[in-house]
Amino acid sequence: MPARTPLLPALFASLLLVSPLGASETPAAATTDPVAQAWRDATLYLFKESGQGFREQTSREGRLGRGTLLLVQQPKTEANLNAAAREFESLIAEGANDDVAAASRYLLGRVAHVHRFQPDLGVAAQHYRALVSEQPGHLLADHARIKLALIELHQPGLSPERAASLIDAFGEEADALARASSRRDFHLLLAAAALHHRLGDERPLRHYLAADQAGGSSPTARANNLVAIGELASRVGRHELAREYFERFLAEFQRDNRRALVRSKIAALPASSTPATR
């Protein structure tokens, strides 16, 4: 099946129509392709029209669309979730190693992870691991890796020592990902987890720097990252690095209400001519 990447945001309507397949935020133009039009209708919240369009199709992508819409249909019911899961399982069972199979496996993980009234993290992890095994180079496999890390790093009773070990292992995995956007998102998750588990300042700083190097963040996320790096670098004594990132923030974000605070932090840094060590 040809990849329909620009239209698959509808597949993730339950996640505020943000597509991990990297589609544009601007809805696609009207099309004569009925499946493409059904996806477009879904991105515009025209679920009645989208559902009708998918019901008229027997293709794998049309069936994927029908299952996806069941995840966002109101009222949410276990019957709809079960029907969606059966559709995804049927698509996987057909044995095609395509985008539809990857999306079906990923969505099965999401059903167990966030859609069920009683989440089953064990089942979610099984589907995420299966996707990584079945299609390791797929973008959704990257997202499955990140979801797996999220599950493992928020286990009840996780000790700081175990959290640190997991974060370091996941960091190596993040560095190995081919896509810059995936590396960025993975490192941001690891930075947040290091802060959550109170593992000091060096670990989150390392991951925020890796995320910055990957690039591509939204303006809001980028502003937050620049400030976070400056603050963490200041706390660990890397004053020139802190100065660099605080000044980048001031140069790039002229109307952010943190500008006065950042200026005060720059003024508090000791004078130094030592080059910043990245």
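Look up: the structure comes first, before these words.
Rules used in this analysis
- Residues numbered from 1 in each chain as written.
- Predicted model: local features only at pLDDT ≥ 70, side-chain atom pairs only at ≥ 80, totals over all residues.
- Heavy atoms only, no water.
- Helix = DSSP H or I, 4+ residues; strand = E, 2+ residues; numbered from the N terminus.
- Buried < 20%, exposed > 50% of the residue type's maximum accessible area, 1.4 Å probe, protein only.
- Contact = heavy atoms within 4.5 Å.
- Areas by Shrake-Rupley, 256 points an atom, 1.4 Å probe, with all protein chains shown as cover.
- 1 Å grid on protein atoms, 1.4 Å probe; cavity = no way out; pocket = protein on both sides within 12 Å on 5 of 7 lines; lining within 4 Å.
- Points joined across faces, edges and corners; volume = space filled by probe spheres on them.
- Nonpolar A, V, L, I, M, F, W, Y, C, P; charged D, E, K, R; others polar.
- Core = buried A, V, L, I, M, F, W, Y, C linked by side-chain atoms within 4.5 Å.

**Points about the overall build of the protein**
On a plain count of helices and strands, the protein comes out with 13 helices and 0 strands. Secondary structure elements of the protein occur, N-terminal to C-terminal, as α-α-α-α-α-α-α-α-α-α-α-α-α. Within the span of the protein, comprising 278 residues, buried residues form 49% of the whole. Taking contacts inside the protein between residues at least 6 apart in sequence as the whole, the part at least 24 apart equals 55%. Accessible surface for the protein amounts to roughly 13600 Å². Of this, 53% is attributable to carbon and sulfur atoms.

**Section: the layout of surface pockets**
In this structure, the second largest pocket encloses a volume near 170 Å³. Lining the second largest pocket we find Phe47, Gly51, Phe54, Arg55, Arg66, Leu69, Leu70, Val72 and Gln73. Residue assignment for the lining of the second largest pocket shows that the elements contributing at least two residues are helix H2 (47–55) and helix H3 (60–72). A breakdown of the residues in the lining of the second largest pocket according to their chemical character gives 5 nonpolar, 2 polar and 2 charged.

**Description of the side chain of glutamine 57**
The topology assignment puts glutamine 57 in the loop between H2 and H3. The exposure class assigned to glutamine 57 is buried, which follows from its relative accessible area of 18%. Discounting chain neighbours no more than four positions away, the residues touching glutamine 57 are Pro34, Val35, Gly62 and Arg66.

**As for the nonpolar core**
Among the nonpolar cores identified, the biggest contains 34 residues, and Phe54, Leu64, Leu71, Phe88, Tyr128, Leu131 and Leu140 are the most heavily contacted of them. With 8 residues, the top contributor of residues to this core is helix H5 (residues 99–115). Counting 21 residues, the second largest nonpolar core, distinct from the first, contains Tyr208, Leu209, Phe249 and Ile266.

**A word on unusual backbone geometry**
Between glutamine 74 and proline 75 the backbone carries a cis peptide bond, its omega angle lying at -5 degrees. By the secondary structure assignment, proline 75 is in the loop between H3 and helix H4 (78–93). One non-glycine residue, tyrosine 45, lies in positive phi territory at about 65 degrees. With respect to the helices and strands, the residue tyrosine 45 is situated in the loop between helix H1 (34–43) and H2. One non-glycine residue with positive phi stands out, namely arginine 198, at about 55 degrees. Position of arginine 198 relative to the elements: it lies in the loop between helix H9 (180–196) and helix H10 (202–214).

Geometric values such as these leave the question of function open.
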